[in-house]
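Chain by chain, the residues run as shown.
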Number of protein chains: 2
Amino acid sequence: MTETGKTLVETRKATIASPEKPFDFEVGATLEHVELAYETYGELNAAGDNAVYVCHALTGSAHAAFYNSPEDKVAGWWDGLIGPGKALDPDRYFIVCANLLGSCYGSTGPSSVNPKTGRPYGMDFPAVTTRDMAKSQRRLLEKLGVKRLRLVIGGSLGGMLTWQWLVDYPEFVEAAMPIAGTVQGSPWMIGLNEVARQAIFNDPAWQGGNYEGKGPEAGLALARMIAMITYRSDRQFWQRFARDRVHPEPEQELAFDNWFQVESYLHYQGQKLVRRFDARTYVYLTEAMDLHDVARGYGSLNDALARIQSDVLVVGIDSDMLYFPHELQDTVQRLRHLGRKVDYAEIHSIYGHDAFLIEYEQLNRLVRDFLERRR
Amino acid sequence: MTETGKTLVETRKATIASPEKPFDFEVGATLEHVELAYETYGELNAAGDNAVYVCHALTGSAHAAFYNSPEDKVAGWWDGLIGPGKALDPDRYFIVCANLLGSCYGSTGPSSVNPKTGRPYGMDFPAVTTRDMAKSQRRLLEKLGVKRLRLVIGGSLGGMLTWQWLVDYPEFVEAAMPIAGTVQGSPWMIGLNEVARQAIFNDPAWQGGNYEGKGPEAGLALARMIAMITYRSDRQFWQRFARDRVHPEPEQELAFDNWFQVESYLHYQGQKLVRRFDARTYVYLTEAMDLHDVARGYGSLNDALARIQSDVLVVGIDSDMLYFPHELQDTVQRLRHLGRKVDYAEIHSIYGHDAFLIEYEQLNRLVRDFLERRR
């Protein structure tokens with residue numbers, strides 16, 4: 001705790017691949033230098049079995065809770081769920097969150113420097129899959145001494161990754177809560193990811209991914225604007241923006257350059273992402289979402305799901321326009337038919353997909369009840 | 001009828017503004033030369049009161065039915081609803097469809113040549129509103145001798161325009177069927193229109209709208225790709241594309257350039273629009289959708305709706321991701337409270353918003369029943 005009352009946490013780095021122990025990607029490539037940036041909250045117990053692994057979403061980072069510096073105005077991205085007295089309580093659990101393999105917040109990815117060339121990998125970086133991500137995280141957890149995960153949890157891409165964990169490491173995971181994330185990338189999501197990528201590729205500054213410096217800022221901003229719409233809902237847009245204009249004066253009513261507030265908001269969100277994110281990572285991680293299919297390598301989807309040995313609480317969001325509840329419910333039905341321990345809960349929210357970053361009262365209750373029930 | 005059995009129809013042009021009778025736009029500008037391209041099917045009766053006005057959608061044209069030439073492989077865009085034995089039967093009605101003011105299929109718009117400069121108007125063209133569109137169509141109908149409209153009907157932007165007709169010319173319209181179109185552009189739709197426009201503006205070939213020749217093809221294609229997703233539904237994408245790849249061979253499974261079928265489809269649709277549409281028109285007509293608000297000029301939304309004297313059948317689409325049924329139902333409730341003659345019907349479809357161009361069995365039944373009930 002600092003004088004300001006902010007609990008500080010440090011983002012650390014772990015080497016999870018070396019020339020002696022290279023990392024094999026699912027696509028077939030191998031890297032000898034792979035690092036993951038990660039944060040931990042709480043202490044691992046002697047048995048090494050009180051760990052919770054938190055999976056972040058597309059533009060997230062290892063910084064899930066607390067503050068990295070006393071100057072930080074905003075806490076980690078899931079601070080509403082992680083902390084003393086909250087459902088994921090560091091006094092009880094050893095909570096780990098690593099930046100995804102392929103991301104740009106300290107983990108090795110397409111914008112990392114390729115030691116062989118001294119320049120960013122760019123599009124020479126191997127395609128990353130959710131399987132690669134789970135595998136890299138498994139290596140990190142081994143390094144940290146974790147024997148078994150009490151819980152794997154995440155929303156959106158983090159929910160998809162949670163499913164991958166369940167299927168690839170069934171004995172390592174006691175329980176899991178995939179939130180607003182599917183077992184396979186849907187064609188709807190793939191279409192939306194492709195238009196976002198196309199916005200980046202259309203930007204002349206993209207240069208085939210070989211840019212250095214600023215990169216395709218207009219393209220990345222547009223990709224984010226498209227995505228932001230699908231993260232919310234039409235009702236939430238009505239509630240927040242209605243048809244309000246930036247210049248409400250009557251004489252500005254029909255002016256082309258008098259944005260509606262919703263347009264201003266989307267542009268603001270686009271610019272905000274450009275300041276903190278890398279376009280190559282956006283391309284790689286959306287590709288990982290598209291390639292996400294827990295069935296790959298196991299035969300059918302049911303064959304893959306039959307591998308699951310954990311307790312699973314699937315969480316949908318009733319207003320989600322990106323990962324629709326009916327898709328999650330379909331997976332729940334499959335697991336039930338397979339005799340697996342599965343429940344379904346739905347977050348009620350006007351916020352759409354983003355509810356997993358907003359509805360903390362419901363999230364805390366769901367996580368707490370699920371963990372309590374299992375004690 | 002030609003030897004091939006195709007009924008031919010000609011797209012004609014009408015001058016609806018001249019130096020003697022200029023056209024005043026809602027934004028305040030005036031043009032002395034305005035033409036509308038239009039088609040008619042059937043004959044106007046002596047009383048001039050058997051006319052049906054058909055409003056087209058964003059990228060539509062005056063060519064609603066039949067064939068323009070014996071070589072045409074595809075009939076007009078609403079041929080499934082217009083024709084002998086169909087709900088809009090030319091043997092009974094005089095059916096009129098004009099290309100929207102501001103569009104690029106023969107009507108005057110931003111890509112028309114400005115007689116004062118000899119070059120395309122570009123962004124010097126006045127902002128066009130649905131009010132301007134209805135007014136221009138009213139002038140056309142006067143020229144054609146129409147005294148009163150038996151029906152105004154249209155889907156999407158055509159449905160929005162139908163509402164504008166109802167409010168601006170209540171005594172001219174006997175009955176109307178706005179389909180999947182709202183009384184005000186919603187912030188959700190505005191957001192989606194803005195990202196589509198931004199895709200065009202980000203294209204270096206846009207040149208502030210002052211391009212000649214090809215123009216911003218990549219940007220327009222991307223705008224269309226974004227829109228195409230919202231015209232369908234996640235379930236329809238699953239049904240049609242699932243997770244199928246262009247190259248299904250296992251060794252292509254993780255290749256970045258091995259598109260999913262849904263990506264291939266979206267790119268195809270983007271390229272297809274580029275061959276037939278103009279980017280400036282896309283910008284102007286999406287702005288018209290954003291500016292669409294029947295309340296403007298009348299006080300409140302209820303004040304505007306209270307002007308309606310026609311029978312109205314509001315039609316929603318249960319899977320519509322762009323104009324949600326709850327928005328249309330809200331308008332129905334308002335009209336009921338105002339004591340207006342209004343009914344609501346819903347098209348059941350997996351196709352999403354595009355159902356108004358696909359579900360002809362339901363459309364024909366709805367239009368036929370509505371017209372029969374009113375005889």
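Residues numbered from 1 in each chain as written. Chains lettered and ligands numbered in written order. Predicted model: local features only at pLDDT ≥ 70, side-chain atom pairs only at ≥ 80, totals over all residues. Heavy atoms only, no water.

1. A closer look at the relation of the copies chain A and chain B
- Superposition of chain A onto chain B requires a rotation of 180 degrees combined with a translation of 0.0 Å along the rotation axis, giving an RMSD of 0.0 Å. Taken together, the turn and the small shift mark the pair as related by a two-fold rotation axis.
- A share of 98% of interface residues in chain A that are also interface residues in chain B marks the association as one of identical surfaces. (Least-squares fit on C-alpha atoms with pLDDT ≥ 70 in both. Contact = heavy atoms within 4.5 Å.)

2. Points about the interface of chain A and chain B
- Chain A puts 57 residues into the contact, and the matching count from chain B is 56 residues.
- With both chains or domains summed, chain A and chain B bury close to 4,900 Å², and 73% of this area falls on carbon and sulfur atoms.
- On the chain A side of the contact with chain B, Trp188, Leu254 and Phe256 of chain A bury the most area, a combined 17% of that side's loss.
- Linking chain A to chain B there are four salt bridges.
- Glu263 of chain B is the partner of Arg197 of chain A in a salt bridge, and the nearest nitrogen-oxygen pair spans 2.8 Å.
- Listing elements by their share of the side of chain A that touches chain B, those giving two or more residues are helix H3 (187–201), helix H4 (217–231), helix H5 (234–240), helix H6 (261–276), helix H7 (279–291) and helix H9 (325–337) of chain A.
- Here the element with the most residues in the side of chain A that touches chain B is H3 of chain A; it accounts for 10 residues.
- In the side of chain A that touches chain B, the residues fall into 30 nonpolar, 12 polar and 15 charged. (Buried area = accessible area lost by both parts, 1.4 Å probe. Salt bridge = Lys/Arg side-chain N within 4 Å of Asp/Glu carboxyl O. Helix = DSSP H or I, 4+ residues; strand = E, 2+ residues; numbered from the N terminus. Nonpolar A, V, L, I, M, F, W, Y, C, P; charged D, E, K, R; others polar.)

3. Points about the domain arrangement of chain A
Residues and elements named next belong to chain A.
- Split by domain assignment, chain A resolves into domain 1 (12–185 + 293–373) and domain 2 (192–284).
- Facing the 26 residues of domain 1 at the interface are 25 residues of domain 2.
- Summing the contributions of domain 1 and of domain 2, the shared interface buries around 2,200 Å²; its carbon and sulfur component is 58%.
- Together, Thr59, Met123 and Ile350 form the three largest contributors to the area buried by domain 1 at its contact with domain 2, with a combined 27%.
- The tally of links from domain 1 across to domain 2 stands at two salt bridges. (Domains from an automatic or database assignment.)

4. A closer look at the environment of Arg340 of chain A
All names here are of chain A.
- The residue Arg340 is located in the loop between H9 and strand E10 (342–347) in this model.
- On the accessibility criterion, Arg340 (28% relative accessible area) is partly exposed.
- Between the alpha carbons of Arg340 and Gly158 there is a distance of 22 Å; along the sequence they are 182 residues apart.
- Look past the residues within four positions of Arg340 in its chain and what remains in contact with it is Leu305, Ala306, Ile308 and Leu335.
- Only 2.5 Å separates the side chain of Arg340 from the backbone oxygen of Ala306, close enough to count as a polar contact.
- Only 2.6 Å separates the side chain of Arg340 from the backbone oxygen of Leu338, close enough to count as a polar contact. (Buried < 20%, exposed > 50% of the residue type's maximum accessible area, 1.4 Å probe, protein only. Polar contact = N/O pair within 3.5 Å; in protein donor to acceptor, adjacent residues only side chain to side chain.)

5. Description of unusual backbone geometry
- You will see that Gln207 of chain A, though not glycine, has its phi angle at about 50 degrees, which is positive.
- For Gln207 of chain A, the location among the structural elements is in the loop between H3 and H4.
- Here the phi dihedral of Ser156 of chain B falls at roughly 65 degrees; this positive angle occurs in a residue that is not glycine.
- In this structure, Ser156 of chain B sits in the loop between strand E9 (149–155) and helix H2 (157–168).

6. Focus on the nonpolar core
- Core analysis: the biggest nonpolar cluster contains 188 residues, and Trp163, Trp165 and Tyr282 of chain A together with Trp163, Trp165 and Tyr282 of chain B have the highest contact counts within it.
- Setting aside chain neighbours within four positions, we find Trp165 of chain B in contact with Tyr53, Cys55, Ala134, Gln137, Arg138, Leu141, Leu149, Val152, Pro170, Phe172 and Val173 of chain B. (Core = buried A, V, L, I, M, F, W, Y, C linked by side-chain atoms within 4.5 Å.)

7. With respect to the packing of aromatic side chains
- Applying the stated rule across the entire model yields 36 aromatic pairs over all chains.
- Both rings, one in Tyr53 of chain A and one in Trp165 of chain A, keep their centres 6.0 Å apart while their planes meet at 40 degrees; by these two values the pair is tilted. In this pair, Tyr53 of chain A is assigned in strand E5 (residues 51–55) and Trp165 of chain A in helix H2 (residues 157–168), connecting sequence segments 112 residues apart. Like Trp165 of chain A, Tyr53 of chain A is buried.
- Ring plane angle 70 degrees and centroid distance 6.0 Å describe the contact between Trp188 of chain B and Phe324 of chain B, whose orientation is recorded as edge-to-face. Here Trp188 of chain B is found in helix H3 (residues 187–201), whereas its partner Phe324 of chain B is found in the loop between strand E11 (311–317) and helix H9 (325–337), with 136 residues between them in sequence. (Phe/Tyr/Trp six-rings, centres within 6.5 Å; stacked < 30°, edge-to-face > 60°.)

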